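# Structural overview
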Amino acid sequence: MRWVLVMVLAACPPAPAPTPAHFIVRDGFIRDPQGRAVVLHGVNVSGLHKQKPYFGFHDVPDYERLRGWGFNSVRFLVSWSAIEPVRDSTDAAYLAELRRRVSLATGAGLLVFIDMHQDLYGEGFVGANGAPRWTCDESNYAAYRPVTPWFLNALSPQVIACVDGFWSSSALRTKYAAAWRQVAVALKDDPGVIGVDPMNEPPWGSMPNDVFERNRLAPLYREVLAQVRAERPDWLGFLEPAASRNLGLPTALPRFDEPNIVYAPHAYDPDAERGLGFRPERRAAILENARLLRAEAEALGAALVIGEYGGNARHPGIFEYMDAQYASQGEVGAGAMYWEHRREDDGYGLELADGGVKPELHRAVVRPTPDRVAGTPGRWAFDETAQTFTFTFEADDAVKAPTLVSVPDAWRDLEVRCEGCTARREGHWVTLEATRAGTTSLSLRRLP
Ligand code: 9MR
């Protein structure tokens, strides 16, 4: 006989966030110290970090607002240009401010991993960011003529020259890893920082992308991991494929000997990225791509976190686009980080310039999501018409801590159905205790 427990739960005040300590990767998932699978569901903070002054508006109330929407994590952007604006000279004031800014997020109970960002090589190119100006010859910056959309500039001969210059110089790569060491020194005492994403959307320059991933990118990742793990041996490596993955080319990254690897690709629809909006018939392609990303993660022996997904709410189809992303993440059990937490009316920002929400975007992105799972996560999904979230997992009775599902605070009253578990509302979560090992199913319906 199967027992179905039906309850109506009301929201109650937040409980303290679970204390993070030592995270690992096992069987395709990040695991917390209690052995629970951790599903990162967060935002990128933010494009404002790409240029001087390298930080944005984000303060404690902003992070608390994100918590109230059910987010549990932040991909926090740093820039090599900010760390080492002048060759061989680290900006200590930047690193001190970085430490303070990151602590605002972790203090609000968010888990943080650090992304060293770049778009189009570096600061010397108009509209680009990442590597400091001194890392490439000035003649390249002078000859550069940007085109739109921005990412086509990856084909600029001058950008390619600088990218090739970086990948062919072991001295520059070592300096890059040394900049990472400085980040680790600055942040190593913060237990809420759980890992590093060594390079955003790595550009492959003029090399074949598979040769690049094997012979250039993987060695850089090893070098960066060695540097940061000298300070924080427990930090997870959120490793991205070459930026060519955004064009649909499968990754050729090799399996790493280093432990605790998270595969951290990005997921965008190419037409939407070109500003054309999202055609609903592209939903199947989003789902299929997520399956391929999970297969690539498995081949790497890694967990899967989609480090960026997002879109411009002014463009057609934003709800359908983000709904497809949510469905794809739930189908393959992927963590995912929205690009980006910014205030802007015409852009990917999660909020309007005045701090208001973008309703169509919000409806698809601010939804219940598994946070900690005492066992192996199965699928989760959301039925917009029925306003119902469903989630199944295989409960592991060796894991004693409860399963937590993040639920937006605005979901005041819920109808909860639990098969094989009991549930209660606690802070930003519905907390589940499995009553037996094996398949456990939860459904949450938002009551009007
Ligand atoms: O959304 C960002 C856009 O406003 C910038 O012009 C562009 C170049 O800096 O970067 C966009 O953000 C991208 C991010 O840096 C990397 N992944 C894709 C993001 C969305 O296009």
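Let me sum up the structure you'll find in this document. The structure displayed is predicted, hence computed values, not measured ones. (Residues numbered from 1 in each chain as written. Predicted model: local features only at pLDDT ≥ 70, side-chain atom pairs only at ≥ 80, totals over all residues. Heavy atoms only, no water.)

### Notes on the packing of aromatic side chains
Short version of the rule: Within 6.5 Å between ring centres, the rings of Phe, Tyr and Trp (the latter by its six-membered ring) count as paired, and their orientation is classed by plane angle as stacked under 30 degrees, edge-to-face over 60, tilted in between. Helix and strand definitions follow DSSP, with helices as H or I runs of at least four residues and strands as E runs of at least two, each counted in order from the N terminus. Three exposure classes are used, based on accessible area relative to the maximum for each residue type with a 1.4 Å probe and protein chains only: buried under 20%, partly exposed in between, and exposed over 50%. Here, a charge over a ring is recorded when the distance from Lys NZ or Arg CZ to the ring centre is within 6 Å and its angle to the ring normal is within 35 degrees.
Inspection of every chain in the model, using the stated rule, returns 21 aromatic pairs. Look at Phe-113 and Phe-238: their rings are 3.8 Å apart centre to centre, the planes differ by 5 degrees, and that puts the pair in the stacked class. Of the two residues, Phe-113 sits in strand 7 (residues 111–116) while Phe-238 sits in strand 9 (residues 236–239), which places them 125 residues apart along the sequence. Each member of the pair, Phe-113 together with Phe-238, is buried. Each residue in the set Trp-80, Trp-134, Phe-166, Trp-167, Tyr-176 and Phe-212 is aromatic and connected to the rest through ring pairs, giving one cluster. Just above the ring of Phe-29 sits the side chain of Arg-294; from NZ or CZ to the centre is 5.0 Å. In this structure, Arg-367 packs its charged tip against the face of Tyr-326, placed 4.9 Å from the ring centre.

### Side note on the site of the ligand
Put simply, the rule reads: Here, proximity means that at least one heavy atom of the residue falls within 4 Å of the molecule or strand. Polar contacts, as counted here, are pairs of nitrogen or oxygen atoms within 3.5 Å of one another; within protein the pair requires one atom able to donate a hydrogen and one able to accept it, and residues that are adjacent in sequence qualify only if both atoms are side-chain atoms. Only the protein chains shown count as cover for residues, and all accessible areas are computed by the Shrake-Rupley method using a 1.4 Å probe. A pocket here means an open set of points on a 1 Å grid, computed over the protein atoms alone, that has protein on both sides within 12 Å along at least five of seven lines. A cavity is instead a set of points where a 1.4 Å probe fits but cannot get out; residues with an atom within 4 Å of a point line either one. To be counted as sitting in a cavity or pocket, a molecule needs more than half of its atoms within 2 Å of that site's grid points. Charged means Asp, Glu, Lys or Arg here, nonpolar means Ala, Val, Leu, Ile, Met, Phe, Trp, Tyr, Cys or Pro, and polar covers whatever is left, Gly included.
Around the ligand lies a shell formed by Lys-50, His-117, Asp-119, Asn-129, Trp-150, Asn-200, Glu-201, Tyr-268, Glu-273, Glu-308, Trp-339 and Tyr-348. One of the side-chain nitrogen or oxygen atoms of Glu-273 is found 2.9 Å away from an oxygen atom of the ligand. For the ligand, whose unbound accessible area comes to 450 Å², protein coverage reaches 81%. Of the pockets mapped on this structure, the ligand occupies the second largest pocket. Class assignment of the residues belonging to the shell around the ligand gives a composition of four nonpolar, three polar and five charged.

### Describing the layout of surface pockets
What counts is decided by this rule: Grid points are joined across faces, edges and corners, and a volume is the space filled by probe spheres set on the points.
There is about 610 Å³ of room inside the largest pocket. In terms of lining, the largest pocket is formed by 26 residues, of which the most central are Phe-151, Ala-154, Trp-204, Ala-243 and Leu-247. Every element with two or more residues in the lining of the largest pocket is listed here: helix 5 (157–167) and helix 8 (270–273). The element best represented in the lining of the largest pocket is helix 5, accounting for three residues. Counted by class, the lining of the largest pocket contains 16 nonpolar, five polar and five charged residues. A volume near 510 Å³ is recorded for the second largest pocket. In this structure, the second largest pocket is lined by 23 residues; those nearest its centre are Lys-50, Asp-119, Trp-150, Trp-339 and Glu-340.

### Brief notes about unusual backbone geometry
Along the chain, Lys-52 connects to Pro-53 via a cis peptide bond; the corresponding omega equals 0 degrees. If you trace the backbone, Pro-53 turns up in the loop between strand 5 (41–45) and helix 1 (60–68). Look at the link from Trp-339 to Glu-340: it is a cis peptide, with omega at 10 degrees. Here Glu-340 shows up in the loop between strand 12 (335–338) and helix 11 (359–365). One non-glycine residue, Asp-88, lies in the positive phi region at around 65 degrees. Along the chain, the position of Asp-88 falls in the loop between helix 2 (80–83) and helix 3 (92–107).

### Some words on helix 5
So the rule is basically this: Whether two residues are in contact is decided by their heavy atoms, any of which lying within 4.5 Å being enough.
Every buried residue of helix 5 is accounted for by Gln-158, Val-159, Cys-162, Val-163, Phe-166 and Trp-167. On its buried face, helix 5 sits against helix 2, helix 4 (138–143), helix 6 (170–187) and helix 7 (209–231).

### Digging into the environment of Gly-335
Inspection of the secondary structure puts Gly-335 in strand 12. A relative accessible area of 3% places Gly-335 in the buried class. Placed 29 residues apart in sequence, Gly-335 and Ile-306 show a C-alpha to C-alpha distance of 6.0 Å.

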